[in-house]
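# Coordinate analysis (summary)
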Protein chains: 2
Amino acid sequence: MDIFEAMETCRAMRYLRPDPVPDELIDKLLWAATRAPSPGNSQGWEFVVVRDRDVMSQIGELVGGRMTASMGGLVDTLPPSQARLLRGALHLANTLPQVPALFVVCSRRVYPPQDPQEVFVWSCVYPAAQNLILAARALGLGSTFATWQTVAETELREILGIPEDVFIGATIPVGYPERDFGPVARRPVAEVVHHDHW
Amino acid sequence: MDIFEAMETCRAMRYLRPDPVPDELIDKLLWAATRAPSPGNSQGWEFVVVRDRDVMSQIGELVGGRMTASMGGLVDTLPPSQARLLRGALHLANTLPQVPALFVVCSRRVYPPQDPQEVFVWSCVYPAAQNLILAARALGLGSTFATWQTVAETELREILGIPEDVFIGATIPVGYPERDFGPVARRPVAEVVHHDHW
């Protein structure tokens, strides 16, 4: 797929079908993620790919329960676009036991070698995650950039055995989409650009 | 360009020709960057696009001087691949006055609305930056993910007038490349993947 078409139509997909994702597509997503740049090419990233039904159910119950408790009541108070987004996020978390795959994108603090800095963790993990979701779009797979570690980090680490010194950057559910891809909604570029000086 | 070809051949380009980059390509890079996802579609990103020769010279002298002083002596002590990378990084910073454009990718802390968190700044700014460098590759432009704010943040903010509450995520020089695009060098995927559990 053309790269600009993939970027333009890479809608967050929060309604995913339970059909399994073939191994070769899972591998292709990981290959794409690891083509990203990283500071000094340090490649501190690591990925947990979850497809085991029991593990998915545990994570779904944890995250779905936590999100529903803290945010479920907000749906009716938000403007339509935000309400739609939140409804989708709750749906996704609560249907996780049926979602075929979850990618947990992590990185260690490894760069610079003598003085590893946290900002370099984020500049490693998120470009890789972005490659992953673009690749999913190109392969006809739905995904979305979730950050479920922010609602249940301790428990998520425990379920997945993620070491303490590893940073979790994103949790990306992947499956064939129930809805159509289409252009993303964004503010006009002119509103966010400064030329030569802020 | 096919998205997987762009990802595979998106080498960091640290040797850039001085030829100007047409306005429509600058615009296309910004369009691509702003197709990225952001937490709750909050789009907290902002970009400074520098092309003014005086400003580029100021930044080049600042960053080039700072990097040469702190890292120039290391070149001969490093293994070949790291020495090559550092030599390229120093070359790029020191030739910045001749580089046609520099994108400074920033984000404010805007999400969640009631309790904005720093991790959401990074998960906004770096996917946008990754889209930008992939788009550059697809357009035949060289770029690299630099983080010059880590060596001279105070001065860089002053030169560009970047407000205190704005986070700088990446500084991305862009121009036509002096060298060839080609496959990136990465560790085997199997070394960085865990299935179902770390």
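Everything numeric in this text was worked out from a predicted model, so none of it was measured. (Residues numbered from 1 in each chain as written. Chains lettered and ligands numbered in written order. Predicted model: local features only at pLDDT ≥ 70, side-chain atom pairs only at ≥ 80, totals over all residues.)

## Looking at the relation of the copies chain A and chain B
To keep things clear, this is the line we draw: The fit set for superposing copies consists of C-alpha atoms from residues with pLDDT of at least 70 in both; the fit itself is least squares. Whether two residues are in contact is decided by their C-beta atoms, placed from the backbone, lying within 7 Å.
The operation relating chain A to chain B is a screw motion whose rotation component is 180°, with 0.0 Å of axial translation and a residual RMSD of 0.0 Å. In short, the pair behaves as if placed about a two-fold rotation axis. By residue overlap, the copies meet face to face through one surface: 98% of the interface positions of chain A are interface positions in chain B.

## As for the sheet that holds strand β2 (residues 101-108) of chain A
What counts, and what does not: Here, strands pair whenever DSSP counts at least two bridges between them. Secondary structure counts use DSSP, requiring at least four H or I residues in a row for a helix and at least two E residues in a row for a strand, with both numbered from the N terminus.
Judged by pairing direction, the sheet is mixed, and its five strands sit side by side in the order β3(A)-β4(A)-β2(A)-β1(A)-β5(B) without closing on themselves. Strands at the two margins of the open sheet, each flanked by one partner only, are β3 (142-143) of chain A together with β5 (193-195) of chain B.

## A few points about the interface of chain A and chain B
What counts is decided by this rule: Side-chain classes are defined by residue name, with Ala, Val, Leu, Ile, Met, Phe, Trp, Tyr, Cys and Pro counting as nonpolar, Asp, Glu, Lys and Arg as charged, and the others, Gly among them, as polar.
With 61 residues of chain A at the interface, the matching set in chain B holds 61 residues. When residues of the side of chain A that touches chain B are assigned to their parent elements, the largest contribution, 10 residues, is made by helix α5 (residues 118-138) of chain A. Taken together, the residues that form the side of chain A that touches chain B break down as 38 nonpolar, 14 polar and nine charged. Relative to strand β1 (residues 45-50) of chain B, strand β5 (residues 193-195) of chain A runs parallel, the two sharing three bridges. By the bridge assignment, Val 193 of chain A is partnered in β1 of chain B with Phe 47 of chain B.

## Considering the nonpolar core
Just so we agree on the cut-off: Under the definition applied here, buried Ala, Val, Leu, Ile, Met, Phe, Trp, Tyr and Cys residues are grouped into a nonpolar core through C-beta atoms within 7 Å. Burial in this document is a count-based property: other C-beta atoms within 10 Å of a residue's C-beta are tallied, and the residue is buried at 20 or more, exposed at 12 or fewer, or partly exposed in between, with C-beta positions derived from the backbone.
With 121 residues, the main nonpolar core has Val 105 and Leu 132 of chain A together with Val 105 and Leu 132 of chain B as its most contacted residues. With residues up to four places along the chain from it excluded, the contact list for Leu 132 of chain B reads Leu 29, Ala 32, Ala 33, Phe 103, Val 105 and Ile 172 of chain B.

## Here we look at helix α2 (residues 23-33) of chain A
Put simply, the rule reads: Working definition: the arc comes from the directions between the helix axis and the C-beta atoms, pointing outward to the latter.
Here α2 of chain A has its buried residues at Ile 26, Leu 29, Leu 30, Ala 32 and Ala 33 of chain A. Summarising the axial view, the buried residues of α2 of chain A lie within an arc of 160°, below the 170-degree limit, and thus occupy one face. Opposite the buried face of α2 of chain A, at more than 90 degrees from it, the exposed residues are Asp 23 and Glu 24 of chain A. Elements that come into contact with the buried residues of α2 of chain A comprise β1 (45-50), β2, α5 and β4 (166-175) of chain A together with α1 (3-8) and β5 of chain B.

## Thoughts on unusual backbone geometry
Residue and element names in this part refer to chain A. Here the bond from Tyr 111 into Pro 112 is cis, since omega is -10°, no more than 30 degrees from zero. Its location among the elements puts Pro 112 in the loop between β2 and α5. Phi at Gln 43 takes a positive value of approximately 50°, unusual for a residue other than glycine. Mapped onto the elements, Gln 43 comes out in the loop between α2 and β1. Residue Gln 43 is classed as buried on the basis of its C-beta count, with 22 C-beta atoms lying within 10 Å.

## Description of the packing of helix α3 (residues 53-71) of chain B against helix α4 (residues 80-94) of chain B
All names here are of chain B. Under the convention used in this document: Geometry is summarised by axes, namely lines fitted to C-alpha atoms with helices restricted to the contacting stretch, and by angles between N-to-C directions that run from 0 to 180 degrees. Oblique is the label for any angle not under 35 degrees, not over 145, and not in the 65 to 115 range, which are roughly parallel, roughly antiparallel and roughly perpendicular in turn. Each crossing is labelled by how the near helix is turned from the far one, with a counterclockwise turn of less than a right angle marking it left-handed and a clockwise turn marking it right-handed.
Orientation of α3 relative to α4, taken along the N-to-C sense of each, is 150°, at an axis distance of 7 Å. Comparing the axis directions of α3 and α4 gives the class roughly antiparallel. Crossing of α3 over α4 shows left-handed handedness. Across the interface between the two elements, Gly 60, Val 63, Gly 64, Met 67, Thr 68 and Met 71 from α3 touch Leu 86, Ala 89, Leu 90, Ala 93 and Asn 94 from α4. Its residues placed into classes, the contact of α3 with α4 shows seven nonpolar, four polar and no charged.

## A short note on the pairing of β1 of chain A
All names here are of chain A. Within β1, five of the six residues are buried, which leaves it mostly tucked inside the rest of the structure. Both β1 and β2 contribute to a ladder of six bridges, which runs antiparallel. Its bridge partner lying in β2, Val 50 is registered against Leu 102.

## Regarding the confidence of the model for chain A
Note the following rule: pLDDT gives the predictor's per-residue confidence on a scale running from 0 to 100.
Per-residue confidence for chain A averages 97 on the pLDDT scale, and 100% of its residues sit at or above 70. In the model output, the complex is listed with pTM 0.98 alongside ipTM 0.98.

## Examining the sheet that holds strand β4 (residues 166-175) of chain B
Strand-to-strand pairing in sheets goes through backbone hydrogen bonds, with the strands running parallel or antiparallel. Here we have five strands laid out as an open sheet, ordered β5(A)-β1(B)-β2(B)-β4(B)-β3(B), and mixed in their pairing. Only two strands of the sheet have a single partner each, and these edge strands are β5 of chain A together with β3 (142-143) of chain B.

## Points about helix α3 (residues 53-71) of chain A
All names here are of chain A. Note the following rule: Multiply 1.5 Å by the residue count of a helix minus one, and that product is the helix's expected span.
Counted at 1.5 Å a residue, the expected span for α3 with its 19 residues is 27 Å, and the 26 Å between its end C-alpha atoms agrees. Taken together, the buried positions of α3 are occupied by Met 56, Ile 59, Gly 60, Val 63, Gly 64 and Met 67. With its buried residues spanning 115° around the axis, α3 presents them on a single face. Within α3, the exposed residues directed more than 90 degrees away from the buried face are Asp 54 and Ala 69. Elements in contact with the buried residues of α3: β1, α4 (80-94), β2 and α6 (149-160).

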